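Okay, here's what each chain looks like letter by letter:
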Amino acid sequence: MQSQQFADILRSVPLMSPEQVGVLHKTLPPAAHSAKPDAQGESRLLERLKFYFDQHPVCVRCRSTHVNRWGTKDGHQRYCCKDCSKTFNAMSGTPLSHLRVREKLDQYVECMDGETTLRPAARRCGISLDTSFHLRHRLMALVENDSYGQLSGIAEEDETFFHESHKGDRNLLIPRKRGSRGQRKSRYAKAEKKISVPLIPVMVACDRSRHVLDAVLKKVSTKELQSQLEGKILPGSTLCLDAHLAHEHLAEKLSLSSKTLVSTSGERVKEGIYHIQTVNAYHSELKRWINGFFKGVATKYLQRYLGWKRYLKTHMFSIEGFLDQISIHWTSSTHNLN
Ligand SMILES: [Zn+2]
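Quantities reported herein were computed from a predicted structural model and do not represent experimental measurements. (Residues numbered from 1 in each chain as written. Predicted model: local features only at pLDDT ≥ 70, side-chain atom pairs only at ≥ 80, totals over all residues. Heavy atoms only, no water.)

**Q** Please clarify how the layout of surface pockets should be interpreted in this entry.
**A** Empty space left among the atoms is revealed by rolling a probe the size of a water molecule over them. Empty space within the largest pocket amounts to approximately 660 Å³. Around the largest pocket, the lining is made up of 23 residues, and of these L118, F133, H137, K167 and G168 lie nearest the centre. Counting residues per element, the ones that place at least two in the lining of the largest pocket are α5 (118-125) and α6 (129-143). For the lining of the largest pocket, the element with the most residues is α6, which contributes six residues. Grouping the amino acids of the lining of the largest pocket by side-chain chemistry returns nine nonpolar, six polar and eight charged. Both domains that furnish three or more residues to the lining of the largest pocket are identified here as domain 2 (31-146 + 319-331) and domain 3 (154-169 + 178-314). The wall of the second largest pocket is formed by 19 residues, among which H76, R78, N89, S97 and H98 lie closest to the centre. Contributions of two or more residues to the lining of the second largest pocket are made by β2 (76-81) and β3 (87-89). Broken down by element, the lining of the second largest pocket gets its largest block of residues, three residues, from β3. Of the residues that constitute the lining of the second largest pocket, the class distribution is six nonpolar, seven polar and six charged. (1 Å grid on protein atoms, 1.4 Å probe; cavity = no way out; pocket = protein on both sides within 12 Å on 5 of 7 lines; lining within 4 Å. Points joined across faces, edges and corners; volume = space filled by probe spheres on them. Helix = DSSP H or I, 4+ residues; strand = E, 2+ residues; numbered from the N terminus. Nonpolar A, V, L, I, M, F, W, Y, C, P; charged D, E, K, R; others polar. Domains from an automatic or database assignment.)

Structure follows, in structure tokens:
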């Protein structure tokens with residue numbers, strides 16, 4: 001909200017009748033900025049989300065808004081859909097459903113600053129490493145698919161690659177080791193040399209106003225890039241690209257003008273302003289964060305980390321800001337996280 005608009009509202013409060021103050025009070029969500037849960041041990045974040053959902057309850061199965069209240073269970077208000085009879089609560093069908101450590105959720109939001117790894121987060125909140133992992137992933141899932149506006153002006157697009165990773169996968173088939181230790185060592189050393197770890201392409205597009213688009217790709221192709229960028233760059237923008245076969249007709253298919261940089265020939269900037277250094281700097285930042293700070297992440301979670309980084313890149317992290325971002329999914333009658 002514009003600070004002027006906010007100032008106008010504040011100025012009008014003393015002029016309101018007691019009834020109007022009552023109405024205003026009812027529209028405010030429960031305070032959720034405290035790191036501590038309330039006296040009953042309930043998460044203030046969940047209380048806020050439940051408050052928003054209660055304003056516009058929607059059936060989790062058929063999206064109908066014809067919904068009745070249906071008693072409470074485990075501290076949550078339940079609802080029943082008049083159209084399909086499904087019963088549900090405000091968290092059903094979201095990453096926060098069946099959450100068992102509700103009282104630690106508010107405190108864990110503090111650890112979503114992008115500068116806290118799982119172990120320090122677990123120590124800070126007094127939880128196990130497993131719980132720390134689950135809370136982080138549930139909170140990451142809430143912002144994973146959020147976008148923060150179209151790219152505009154000078155946009156840049158390029159791909160980077162991450163090694164395929166199965167980090168944390170306990171079901172991996174490990175080949176049985178045979179032979180003496182010495183034999184094993186030489187055999188595995190030779191085998192390791194032969195194994196080439198597949199590379200996973202990640203597309204990043206950004207503009208000069210900190211808007212970011214990203215996606216894990218199956219392969220770098222015009223078709224896939226087009227499907228990821230279609231409708232997400234404002235008409236009239238200029239797309240800067242590296243010279244690559246997949247980029248050749250990309251801008252044309254997106255109905256945008258383009259500037260192609262031949263970096264292999266040392267071409268870094270065109271006409272003084274067109275380059276792909278912003279997106280390449282983002283690649284470096286992403287790699288330092290994922291490969292360096294987190295020591296790699298499993299490929300199946302790569303998109304989730306991209307979403308978290310996208311949020312951190314476009315917002316100055318604050319607990320209240322993160323809670324506001326999450327709340328968006330519960331404030332609209334068309335909210336949907338799946
Ligand atoms: Zn329904």
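Having seen the structure, we can now continue with the description.
**Q** Help me understand the coordination of the zinc ion, please; the structure alone is not making it clear to me.
**A** Geometrically, a metal with four donors at the corners of a regular tetrahedron has ideal angles of 109.5 degrees, and one with six donors at the corners of a regular octahedron has ideal angles of 90 or 180 degrees. Around the zinc ion, the protein supplies C59 (SG), C62 (SG), C81 (SG) and C84 (SG) as donor atoms, at distances of 2.2 to 2.4 Å. One can describe the donor arrangement at the zinc ion as tetrahedral, given that its four donor atoms subtend angles of 105 to 121° at the metal. For the zinc ion, the single-chain donor residues occur in sequence as C-x2-C-x18-C-x2-C. Of the two residues, C59 sits in the loop between α3 (44-55) and β1 (67-73) while C84 sits in the loop between β2 and β3, which places them 25 residues apart along the sequence. Judged by relative accessible area, which is 22%, C84 ranks as partly exposed. (Donors = N, O, S within 2.8 Å, 3.2 Å for Na, K, Ca; no water. Tetrahedral: all angles 85-135°; square planar, octahedral: opposite > 155°, others 65-115°. Buried < 20%, exposed > 50% of the residue type's maximum accessible area, 1.4 Å probe, protein only.)

**Q** Help me understand the packing of α3 against helix α4 (residues 102-109), please; the structure alone is not making it clear to me.
**A** In a packed pair of helices, the relevant descriptors are the angle between the two axes and the axis-to-axis distance. Contact geometry of α3 with α4 gives a least axis separation of 7 Å together with a crossing angle of 100°. By the angle between their axes, α3 is roughly perpendicular relative to α4. Along the contact surface, α3 presents R44, L45 and L46, while α4 presents R102, L105, D106 and V109. Residues of the contact of α3 with α4, tallied by class, amount to four nonpolar, no polar and three charged. (Axes fitted to C-alpha atoms, helices over the stretch in contact; angles between N-to-C directions. Parallel < 35°, antiparallel > 145°, perpendicular 65-115°, else oblique. Contact = heavy atoms within 4.5 Å.)

**Q** Explain the pattern of salt bridges to me, please; I cannot follow it from the model alone.
**A** A side chain of one charge can pair with a side chain of the opposite charge when the charged atoms of the two come close. Per the counting criterion, the structure on display carries eleven salt bridges. Close ionic contact of D324 with R48 constitutes a salt bridge, the shortest N to O distance being 2.9 Å. Linking D324 in helix α12 (residues 319-331) with R48 in helix α3, this pair joins segments that are 276 residues apart in sequence. Take D324: its relative accessible area is 39%, and that puts it in the partly exposed class. The salt bridge partner of K259 is E271, with a shortest N-O separation of 3.0 Å. With K259 in strand β8 (residues 257-261) and E271 in the loop between β8 and α10 (277-293), this residue pair connects regions lying twelve residues apart in the sequence. Of the residues examined, E271 reaches a relative accessible area of 58% and is grouped as exposed. (Salt bridge = Lys/Arg side-chain N within 4 Å of Asp/Glu carboxyl O.)

**Q** Just to check I follow, could you spell out the sheet that holds β2 for this structure?
**A** Adjacent strands of a sheet pair through backbone hydrogen bonds, lying either parallel or antiparallel. Strands sit in the order β1-β2-β3 across an open sheet of three strands; the sheet is antiparallel. In this open sheet, the two strands that pair with only one neighbour each are β1 and β3. When the angles between neighbouring strand axes are averaged without regard to direction, this sheet yields 35°. When β1 meets β2, the two strands line up antiparallel, connected through five bridges. Looking across to β2, one finds that N68 is bridged to C80. Contacting β1, β2 and β3, α3 crosses the sheet at an angle of about 30° to β2. (Pairing = 2+ DSSP bridges.)

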